[in-house]
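This is what each chain is made of:
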Amino acid sequence: MLITVMGGSGSGKSQYAEDLAVSLFHRLSADRLIYIAAMKPYGSEACLRIERHRRQRAGKGFETLECFCRLKELAVPQNGVMLLECVSNLAANEMFDEKNKNTAEDITEGIVRLAENSAAVIAVTNSIFSDGADCGSTTREYIKALARINNELAVFSDRVTEVVCGIPLDIKNVCKIGI
Amino acid sequence: MILIIGGAWQGKTELAHKMGFKDDEILNCFHLKIKKCIEDGGSTAEFTDSVLNGGYRAVISDEIGCGIIPLDKEERIWREETGRALCKTAAACDEVWLVRCGIGTKIKG
């Protein structure tokens, strides 16, 4: 099962995705509950953010697996519920640090492969498409790549939810287990 | 209390007026007041509490978190703090309305 959770900055998407992962872990009687962390711990802001997320998910029972790039090569744990946070970091790492020309395709394939081989994957992604500002060609390429990933993920997803002010709004829901 | 959110110029204030709220019952431009609070060195959590307990019937805010990450650190902090303040406000409100193209959709309540 693949669920895509999207939202803007500070929208409450992470907390929503965490709680959903915990509930799916129990519902699906999964063996492992795994948080796949894509943000690199470089710089004080990133470290603060990582620390805030750690505190937020503390006590919820997640194992943390770091994956900053090449998601396609990640060994998939058996019967796990996996929360990938977040697709936008993964895309930036691939595109800017790894200079990957096939960022969108590789990440989409990586996530779909993960979902096919586990109990459930929740992919957290960002809505960054609505500020209207012209931000230069490099950033434009990045926005385009993330949009392609989000759109492709939506096709494969059983559910796509946008979180607004902490409130989940389903854009698509064909889940058979009533979530 | 109700919360009305949406992008700039989407018809949020008009919706509040249509619902019968008077200007003095509305806290408008919540996102700008959060910005002022940060600039003044205040706590956005405390400011949010003061709004929630301020006797308003409606809070209106722009949604500002759906663009590319701002280059400016202050802008990044403002954006995120506004998002978190809105999550808290939405949780405390009886109704939340999202306005797009002048059309309000009730997303809570």
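Residues numbered from 1 in each chain as written. Chains lettered and ligands numbered in written order. Predicted model: local features only at pLDDT ≥ 70, side-chain atom pairs only at ≥ 80, totals over all residues.

A. Region of the structure containing the packing of helix α3 (residues 87-97) of chain A against helix α4 (residues 103-116) of chain A. Residue and element names in this part refer to chain A. The interhelical angle for the contact between α3 and α4, taken along N-to-C directions, is 135°, at an axis separation of 10 Å. Between α3 and α4, the crossing angle belongs to the class labelled oblique. Crossing of α3 against α4: the hand is right-handed. Residues Val 87, Leu 90, Ala 91, Glu 94 and Met 95 of α3 form the contact with α4, whose participating residues are Thr 103, Asp 106 and Ile 107. Classifying every residue of the contact of α3 with α4 gives 5 nonpolar, 1 polar and 2 charged. (Axes fitted to C-alpha atoms, helices over the stretch in contact; angles between N-to-C directions. Helix = DSSP H or I, 4+ residues; strand = E, 2+ residues; numbered from the N terminus. Parallel < 35°, antiparallel > 145°, perpendicular 65-115°, else oblique. Left-handed = near helix turned anticlockwise from the far one by under 90°. Contact = placed C-beta atoms within 7 Å. Nonpolar A, V, L, I, M, F, W, Y, C, P; charged D, E, K, R; others polar.)

B. Expanded view of the interface of chain A and chain B. Taken together, the contact pairs 19 residues of chain A with 20 residues of chain B. Residue assignment for the side of chain A that touches chain B shows that the elements contributing at least two residues are α5 (137-156) and β7 (167-173) of chain A. Grouping the constituent residues of the side of chain A that touches chain B by class yields 9 nonpolar, 9 polar and 1 charged.

C. Seen up close, the sheet that holds β7(A). All names here are of chain A. The 7 strands are arranged β3-β2-β4-β5-β1-β6-β7 in an open sheet whose pairing can be described as mixed. Only two strands of the sheet have a single neighbouring strand rather than two, namely β3 (63-66) and β7. Neighbouring strand axes in the sheet, compared pairwise and without regard to direction, differ in orientation by 20° on average. Here strand β1 (residues 2-7) runs beside strand β6 (residues 159-164); their pairing, made up of 5 bridges, is parallel. Within β6, the residue paired with Val 5 across the bridge is Thr 161. Across the sheet, α3 lies against β4 (80-85) and β5 (120-126), angled at about 70° from β5, the strand it touches most. (Pairing = 2+ DSSP bridges.)

Remember that the coordinates give geometry; whether it matters functionally is a separate question.
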